[in-house]
Amino acid sequence: AHRRGAHRADAHAPDACPGPSRVSPESDDFSLLQRSAHGSVVRDAAGLRRSLAADPMQNIDGLAHLMQAVIAAPEKPLAWLKDFDTKPVGVTVKMKALPQHRNDFLKAFTWVRGQTIEQEGEVAVPLFKLSSSPFDDHVFYLVEEWASAAALRRHFVSGYMARLVQELQEYLVPSSESPSYVAFYGLGSGNVSSPEVHASGLPPAPRSAEPMQNIANLSALMQAVVGAPDNTPPWLKGFRSCTKPIGITVKFKALPQRRNDFVKAMKTHQRLTAEREGEVANPLFKLHTSPFDQSVFYLVEEWASASALRKHFVSDYMAHLVEELKAYLVPSSESPTYVAFYNLGYEEK
């Protein structure tokens, strides 16, 4: 069973901050961490560049495109929005605020979150959480879960959402610089006999725009976290602190013929993570399936601290998964294991 995420990200007990482990990964199990500086308010980012031939992390290149598709769905059904009234769905959305409107953006989202929970209810929207990028003070990731696409549609056509859309036109950077990328997924994962692939029919983002991910691949994140605290990068501040919870959304693309093997391995990994780490250290760990390609998955996790995540990364069961993934995933040149890494929550500055 999948553990459900709580709305609050601040309830973490002291035992979620384990001491450093003496276990170290073999160096050839991990790719080298790449870093590049992008200005005074932007921390060193890990491997932002990607091959132009590789799939992007997102599967929809703008929140407005998702809204249009979902709102029109009852009259214009889409193959990737099957089971509109019953299938739970989720999103991870990247947004970048203009520096002078960062705090206005946060106030608007604090208000709309309250309206969403009040008007839709926690049954319809069990997860609605805005988090901040550690690489750029103006970049945010919104993670949501909805009971169905129909519930998401009610949210999209609401009066409070119409107000937010108007405000975002003023608060966000131009889409040519950083679109409001969306990773849209059906909640959960399971075996299929023949993986389906559907075109979105939605316009692509400019190739010159910033990517959705802020870390090039999962192994780069592992390298950085495992190297701490002895060699902690600036974007992992508060490594040992239980007041600095973190989250990730990771994209995986399995080989079609090994898709079900991948799902089985991840379900075992999820069970072992829950048993070994506990829900205090790891309150959220869910694998979801892209509706556009059933061989593509998004893993959404929350951790009490980077130190808790490090304990997970250096475990024996994680080493076992790393070996399995080498056989189950497509080559990184086709689709890297992109990571959106974020600090849970946000604060005005």
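None of these values were measured; they are calculated from a predicted model.

To continue, consider the pairing of strand β9 (residues 296–303). Regular strands place their side chains on alternate faces of the sheet. Counting buried positions over the 8 residues of β9 gives 8, a clear majority of the element. Residues Val296, Tyr298, Val300 and Glu302 point to one face of β9 and Phe297, Leu299, Glu301 and Trp303 to the other, with burial holding for every one of them. For strand β7 (residues 246–253) and β9, the ladder comprises 8 bridges, and the chain directions are antiparallel. Bridge pairing in β9 links Ile248 to Glu301. Bridge count for strand β8 (residues 284–289) against β9 is 6 bridges, and the pairing is antiparallel.

Segments scoring low in pLDDT should not have their predicted coordinates read at a detailed level. Here the chain averages 86 in pLDDT, and 83% of its residues register 70 or above. For the stretch residues 18–42, pLDDT sits under 50, and the model shows 45 contacts to residues farther than four places along the chain or on other chains. Segment residues 46–52: pLDDT under 50, and 23 contacts once partners within four positions in sequence are set aside and those in other chains are kept.

Okay, the pattern of salt bridges next. Taken as a whole and judged by the stated rule, the model has 17 salt bridges. The residue Glu302 makes a salt bridge to Lys129 at a minimum N-O spacing of 2.9 Å. Taken together, the residues span a long stretch of sequence, with Glu302 in strand β9 and Lys129 in strand β4 (residues 127–132) at a distance of 173 residues. Under the relative-accessibility criterion, Glu302 is labelled buried at 6%. Across the pair Arg258 and Asp261 runs a salt bridge, and its minimum N-O distance is 2.7 Å.

The biggest cluster of nonpolar side chains holds 41 residues, and the ones touching the most others in it are Leu66, Met95, Phe105, Phe109 and Phe184. Contributing elements (two or more residues each) for this core: α1 (63–72), β3 (89–96), α2 (102–120), β4, β5 (139–146), α3 (149–156), α4 (159–171) and β6 (182–186). With residues near it in sequence (within four places) discarded, Leu66 still touches Ile60, Trp80, Val91, Phe156, Val182 and Phe184. Among the nonpolar cores identified, the runner-up in size contains 39 residues, and Val225, Val263, Ala281 and Val339 belong to it.

Looking now at α4. The terminal C-alpha atoms of α4, which comprises 13 residues, lie 19 Å apart, in line with the 18 Å expected from a rise of 1.5 Å per residue. Every buried residue of α4 is accounted for by Tyr160, Met161, Leu164, Glu167, Leu168 and Tyr171. Looking down the long axis of α4, one finds its buried residues gathered within 120° of arc, a one-sided arrangement. Exposed side of α4, more than 90 degrees from the buried face: Gly159, Gln166 and Gln169 are the residues found there. Tucked inside the fold, the buried residues of α4 contact α1, β3, α2 and α3.

Of note, Ala220 is situated in helix α5 (residues 218–227). Taking relative accessible area as the criterion, Ala220 reaches 3% and is therefore assigned buried. Along the sequence, Ala220 and Tyr338 sit 118 residues apart, while their C-alpha atoms lie 9.6 Å from each other.

One can describe the packing of helix α6 (residues 259–281) onto helix α7 (residues 306–313) by two numbers: an axis separation of 11 Å at closest approach and a directional angle of 155°. Relative to α7, the element α6 is oriented roughly antiparallel. Handedness of the α6/α7 crossing: right-handed. Contacts between α6 and α7 involve His269, Thr273, Arg276, Glu277 and Ala281 from the first element and Ala308, Lys311 and His312 from the second. When its residues are assigned to classes, the contact of α6 with α7 shows 2 nonpolar, 3 polar and 3 charged.

A few words on the pairing of β7. With respect to burial, β7 is a largely interior element, 8 of its 8 residues being buried. With burial as the criterion, each face of β7 is covered, one bearing Ile246, Ile248, Val250 and Phe252 and the other bearing Gly247, Thr249, Lys251 and Lys253. Where β7 and strand β10 (residues 339–343) come together, 5 bridges link them in antiparallel fashion. Of the residues in β10, the one forming a bridge with Gly247 is Tyr342.

Once that is clear, we can look at the packing of α2 against α4. The geometry of α2 relative to α4 is characterised by a closest axis approach of 10 Å and an angle of 165° between their N-to-C directions. Relative to α4, α2 is oriented roughly antiparallel. For the pair α2 and α4, the crossing hand works out as left-handed. Between α2 and α4, the residues in contact are Asp104, Phe105, Ala108, Phe109, Trp111, Val112, Gln115, Thr116, Gln119 and Glu120 and Tyr160, Arg163, Leu164, Glu167, Leu168 and Tyr171, respectively. Residues belonging to the contact of α2 with α4 are distributed by class as follows: 9 nonpolar, 3 polar and 4 charged.

What counts as what
Residues numbered from 1 in each chain as written. Predicted model: local features only at pLDDT ≥ 70, side-chain atom pairs only at ≥ 80, totals over all residues. Heavy atoms only, no water. Buried < 20%, exposed > 50% of the residue type's maximum accessible area, 1.4 Å probe, protein only. Helix = DSSP H or I, 4+ residues; strand = E, 2+ residues; numbered from the N terminus. Pairing = 2+ DSSP bridges. pLDDT = per-residue confidence, 0-100. Contact = heavy atoms within 4.5 Å. Salt bridge = Lys/Arg side-chain N within 4 Å of Asp/Glu carboxyl O. Core = buried A, V, L, I, M, F, W, Y, C linked by side-chain atoms within 4.5 Å. Expected span 1.5 Å × (residues − 1). Arc of directions from axis to C-beta. Axes fitted to C-alpha atoms, helices over the stretch in contact; angles between N-to-C directions. Parallel < 35°, antiparallel > 145°, perpendicular 65-115°, else oblique. Left-handed = near helix turned anticlockwise from the far one by under 90°. Nonpolar A, V, L, I, M, F, W, Y, C, P; charged D, E, K, R; others polar.

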